[in-house]
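This is what each chain is made of:
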Amino acid sequence: MTLQVFTLLVGAGFAAGLSGTIAGLASLFSYPALLAVGLSPVSANVTNTISLAIGSIGAVHSSREELSGQGRVLLRLALVCVLGSAAGAALVLVTPPSLFEKVVPFLVGGASILILVRRRSAETAGDERSGAGHRHGWLAFCGVFAVSVYSGYFAAAAGVMVLAVLLATMRETLLRANALKNVLMVVADVVAAAGFALFGPVDWTLVLPLSIGLLAGSWLGPVVARRLPTDVLRIGIALAGVGLAIKLGFDAF
């Protein structure tokens, strides 16, 4: 590996970790970087997932403040996430990689727009903690399971979809839902990565630099999000997601 490739992947990993923990768009930077250094789409997908599993752990530690009081719901959703991600990872190994290409832009775009919809929650009431709880618990589980299947299969913008599901089905602030999303994405990536490590075409030499950047970016992301106005954060996430949906749409059609 050349120094140029190493530097490119560390930089892409940092951008992926930062954008992933703030907006759920990690693969917007990491996946194209792996393609740029010569990996095939399938190899880039599995190498990206393993790097995300290692590098995104920093977000869990950095999000402890927003995760306070969410232990029980986090455990339940994490179990659902494990099942969905395992199913998605299995699909990668037995189905064509183009399976979701044409539907993904609509999923990403719809989830991004949904994030803009304000709901009565702790956020609107001005209390960062008192709004915790489910509005529609079974919908949260079903939604997280569905997105986890997608995440285990392809992962691009899965964080945006999970965030949209959590905001739509739980009485939580944007920051607390985002912290929950960060942990669930780590769970999904770890489960998928376990399968890919055993059976997928992983390029392990590229995992190291990408993971280094991801660790730094994912640790910094929650700190940055905490300092941004909620409305600015919400609009930024939505616009970035819509932009990615448009790009994916052009690529697919």
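Residues numbered from 1 in each chain as written. Predicted model: local features only at pLDDT ≥ 70, side-chain atom pairs only at ≥ 80, totals over all residues. Heavy atoms only, no water.

**As for the overall build of the chain**
- The number of helices and strands found in the chain is 13 helices and 0 strands.
- In the form shown here, the chain has an accessible surface area of approximately 10,900 Å², with 72% of it arising from carbon and sulfur atoms. (Helix = DSSP H or I, 4+ residues; strand = E, 2+ residues; numbered from the N terminus. Areas by Shrake-Rupley, 256 points an atom, 1.4 Å probe, with all protein chains shown as cover.)

**A closer look at the pattern of salt bridges**
- Tallied over the full model, the rule gives 3 salt bridges.
- Here glutamate 66 makes a salt bridge to arginine 226, at a shortest N to O gap of 2.7 Å. In this pair, glutamate 66 sits in helix 5 (residues 64-67) while arginine 226 sits in helix 12 (residues 204-227), placing the two residues 160 residues apart along the sequence.
- Glutamate 66 gets classed as buried once you look at its relative accessible area, which sits at 8%.
- Residue classification places arginine 226 among the partly exposed residues on the basis of a relative accessible area of 25%.
- The partner of arginine 176 in a salt bridge is glutamate 172, with the nearest N and O atoms 2.8 Å apart.
- The exposure class assigned to arginine 176 is buried, which follows from its relative accessible area of 3%.
- Taken together, the shared-partner salt bridges connect Glu65, Glu66 and Arg226 into one network. (Salt bridge = Lys/Arg side-chain N within 4 Å of Asp/Glu carboxyl O. Buried < 20%, exposed > 50% of the residue type's maximum accessible area, 1.4 Å probe, protein only.)

**Section: the environment of serine 43**
- Relative to the assigned elements, serine 43 resides in helix 3 (residues 41-55).
- Between the C-alpha atoms of serine 43 and valine 202, which are 159 residues apart in sequence, the distance is 5.8 Å.
- Apart from residues no more than four positions distant in its own chain, serine 43 is found in contact with Pro201 and Asp203. (Contact = heavy atoms within 4.5 Å.)

**Considering the packing of helix 9 (residues 137-153) against helix 10 (residues 158-169)**
- Where helix 9 meets helix 10, the closest approach of the two axes is 9 Å, and the angle between their N-to-C directions is 175 degrees. Here helix 9 lies roughly antiparallel to helix 10, going by the angle between them. Along its contact with helix 9, which presents Leu139, Ala140, Gly143, Val144, Val147, Tyr150 and Ser151, the element helix 10 presents Ala158, Met161, Val162, Val165, Leu166 and Thr169.
- Here the residues of the contact of helix 9 with helix 10 are counted per class, giving 10 nonpolar, 3 polar and no charged. (Axes fitted to C-alpha atoms, helices over the stretch in contact; angles between N-to-C directions. Parallel < 35°, antiparallel > 145°, perpendicular 65-115°, else oblique. Nonpolar A, V, L, I, M, F, W, Y, C, P; charged D, E, K, R; others polar.)

**A word on the packing of helix 6 (residues 71-94) against helix 9**
- Two numbers describe how helix 6 lies on helix 9: the axes approach to 6 Å, and their chain directions differ by 35 degrees. Of the two elements, helix 6 crosses helix 9, and the hand of that crossing is right-handed. Here Arg76, Leu77, Val80, Cys81, Leu83, Gly84, Ser85, Ala87, Gly88, Ala89, Leu91 and Val92 of helix 6 come into contact with helix 9, specifically with Ala140, Phe141, Val144, Phe145, Ser148, Val149, Gly152 and Tyr153.
- The residue makeup of the contact of helix 6 with helix 9, split by class, is 14 nonpolar, 5 polar and 1 charged. (Left-handed = near helix turned anticlockwise from the far one by under 90°.)

**Details of helix 6**
- Here helix 6 is 24 residues long and its end C-alpha atoms lie 35 Å apart, about the 34 Å a rise of 1.5 Å per residue gives.
- Those residues of helix 6 not exposed but buried are Val73, Leu74, Leu77, Ala78, Val80, Cys81, Gly84, Ser85, Gly88, Ala89 and Val92. (Expected span 1.5 Å × (residues − 1).)

**A word on the side chain of lysine 181**
- Along the chain, the position of lysine 181 falls in helix 11 (residues 174-199).
- No salt bridge is formed by the buried lysine 181; its nearest oppositely charged neighbour, aspartate 189, is found at 10 Å.
- When near neighbours in sequence (up to four residues on either side) are disregarded, lysine 181 contacts Gly20, Thr21, Ala23, Gly24, Gly159, Val162, Leu163 and Leu166. (Lys, Arg positive; Asp, Glu negative; His and termini not counted.)

**Concerning the side chain of serine 19**
- When you line up the elements, serine 19 lands in helix 1 (residues 3-23).
- There is a polar contact of 2.9 Å between the side chain of serine 19 and the backbone oxygen of alanine 15.
- At 3.3 Å, the side chain of serine 19 and the backbone oxygen of alanine 16 are in polar contact.
- Apart from residues no more than four positions distant in its own chain, serine 19 is found in contact with Gly24, Leu25, Ala26 and Phe29. (Polar contact = N/O pair within 3.5 Å; in protein donor to acceptor, adjacent residues only side chain to side chain.)

**Observations concerning the confidence of the model for the chain**
- Overall, the prediction assigns the chain a mean pLDDT of 82, with 88% of residues at 70 or greater.
- No element of the chain has a lower mean pLDDT than helix 8 (residues 122-125), which averages 47, and none a higher one than helix 12, which averages 92.
- Segment residues 121-133: pLDDT under 50, and 27 contacts once partners within four positions in sequence are set aside and those in other chains are kept. (pLDDT = per-residue confidence, 0-100.)

**Focus: the environment of threonine 173**
- Looking at the secondary structure, you find threonine 173 in the loop between helix 10 and helix 11.
- The exposure class assigned to threonine 173 is buried, which follows from its relative accessible area of 2%.
- A polar contact of 3.2 Å, which involves the side chain of threonine 173, links it to the backbone nitrogen of arginine 176.

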